[in-house]
Amino acid sequence: MARAVAFVLGSFLVWLVAASPTPVRRYSVNLDMPPEHRWDSIVPDFKEELNKIFQDIDTFLPDSIAPLVKELAADVDAYLPAPFAAEIRGMARAANLSLGSLVIGNIVYDVSAFCTSIVMQDNHGNVCHGRNLDYALGPGSSADLRAATLEVDFMKNGSVAYSAATYAGYVGILTGMKPFVFSVSVDQRNTGALWENLLAAFYERKHFLPMSFLVRRTLEEEVTFENAVSRLSSEELIAPVYFIVGGTGPGQGAIITRDRLSALDVFHLNAELGRWYVLETNYDHWTTPPADDDRRDPAEDLLKKAGQGEASISLLINVLNTPPILNPTTTYTTVMSAGNPSVFKTWSQKQGN
């Protein structure tokens, strides 16, 4: 027990002194409430930040997307499955925001994230998971997103069903944890046809499923690590992606490399073979990352130098706090351990790191 406690607590002081991050606000969403009212007490706190973010998104969107905003506002239920359409509609009402813009905002987050995710296992089989989420939709956008970062506990029958680090106005999940079951993060996999896939989904009037919506459904419905990996590997999506999943015991860590229809590869932890961590940025793990965006090699150098004997929350935090893994577009850093749910901590990153 003492070893497990030492693993999950680590030394947060190293991180706090080095980067001066800001702990984010934590809220609760009651899943027993009607979807239209679940976010009523949250989004008004971020109205100013959301208006700035929508301005950032407007500069980021291609011209071909603009005509969809009116259509989305008129018939959001035709495009988004329950409960997401109702939740977004409720957010728009609660904060007096454009419904169409809020829907587009939820989709843009799914296709524009550049990230680093790591799952590691220590010598005693304990597993922890960390991620940096990097965004740059335009000048100043990273700062606007930092200001809108929060943690949410999704409550069911009075208990925490799952937790997420997220942005205000966003109903999907890119970083989440189900207590005592699994943790998950999403990294973009850019294969070049993102907007084309989105347009096709809209104009064919499909009930498409953005990857962040699938993550939230998986957190809500799956009860084992294995089932979570299976579901995230198989459900149809509108764009390629990486899902990084951590569990609660030895070997429970995986990178799922996805195309739209299925998994191309599932790469597991295997400490017996010396693979005590798995690490994903935004490039297939069997390829070489580009020289102008190589976060993988510096992170691996730090992990290999430390070795599995040093695997801990502290090591994870220190790696995520080292440039270029930490960079000027990093909006937040989260560490979590599904085996010890008290460890779910998110910091908004300091401007200019």
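Analysis parameters
For every chain, the first residue of the written sequence is number 1, and numbering continues from 1 onward in sequence order. For this predicted model, a pLDDT threshold of at least 70 governs which residues receive local features, and a threshold of 80 or more governs which side-chain atom pairs are given and counted, while totals over whole chains, interfaces and linings are taken from all residues. In computing side-chain properties, one takes all heavy atoms of the structure into account and sets aside hydrogens as well as water. Two strands qualify as a pair provided that DSSP identifies no fewer than 2 bridges between them. Working definition: helices are DSSP H or I runs of at least four residues, strands are E runs of at least two. Numbering for both runs from the N terminus. Orientation is described by lines fitted to C-alpha atoms, with helices fitted over the stretch in contact, and by angles between N-to-C directions that extend from 0 to 180 degrees. Whether two residues are in contact is decided by their heavy atoms: any pair within 4.5 Å suffices. Each reported salt bridge corresponds to a side-chain nitrogen of Lys or Arg within 4 Å of a carboxyl oxygen of Asp or Glu. Between buried and exposed lies partly exposed: a residue is buried under 20% and exposed over 50% of the maximum accessible area for its type, with that area taken using a 1.4 Å probe on protein chains only.

Observations regarding the sheet that holds strand β8 (residues 182–188)
An order of β2-β5-β6-β7-β8-β9-β10-β11 is seen for the eight strands of this open sheet, with the pairing classed as mixed. Each end of this open sheet is capped by a strand with a single partner; those strands are β2 (25–30) and β11 (263–268). Pairs of neighbouring strands in the sheet enclose a mean axial angle of 20 degrees, with direction left out of account. Pairing of strand β10 (residues 253–258) with β11, which is carried by five bridges, proceeds in the antiparallel orientation. What sits directly across from Arg 258, in β11, is Ala 263. Sheet strands touched by helix α9 (residues 211–221): β5 (149–156), β6 (159–167), β7 (175–178), β8 and β9 (241–246). Its angle to β8, the strand with the most contacts, is close to 175 degrees.

So, the pattern of salt bridges
One pass over the full model with this rule turns up 16 salt bridges. A salt bridge links Arg 131 to Asp 187, with the shortest nitrogen-to-oxygen separation between them at 3.5 Å. Linking Arg 131 in strand β4 (residues 127–134) with Asp 187 in strand β8, this pair joins segments that are 56 residues apart in sequence. In this structure, Glu 300 engages Lys 304 in a salt bridge whose closest nitrogen and oxygen atoms are separated by 4.0 Å. One end of the pair, Glu 300, and the other, Lys 304, are both in helix α11 (residues 296–306), four residues apart, so they sit about a helical turn from each other. Take Lys 304: its relative accessible area is 55%, and that puts it in the exposed class.

Observations concerning the sheet that holds strand β14 (residues 344–348)
With antiparallel pairing, the six strands of this open sheet are ordered in space as β1-β14-β13-β4-β3-β12. Every interior strand has two partners, whereas the edge strands, β1 (22–23) and β12 (277–280), have only one. When strand β3 (residues 114–121) meets β4, the two strands line up antiparallel, connected through eight bridges. Across the sheet, the residue bridging to Phe 114 is Asp 134, located in β4. On the sheet, α11 packs against β3 and β12 and is oriented at approximately 160 degrees with respect to β12. Docked against the sheet, helix α12 (residues 313–320) engages β3, β4, β13 (330–336) and β14, running at close to 15 degrees with respect to β4.

Some details on the environment of Leu 61
Note that Leu 61 resides in the loop between α3 (47–60) and α4 (68–74). Owing to a relative accessible area of 14%, Leu 61 belongs among the buried residues under this scheme. Once the C-alpha coordinates of Leu 61 and Val 108 are considered, the two residues, 47 residues apart in sequence, prove to be 8.3 Å apart.

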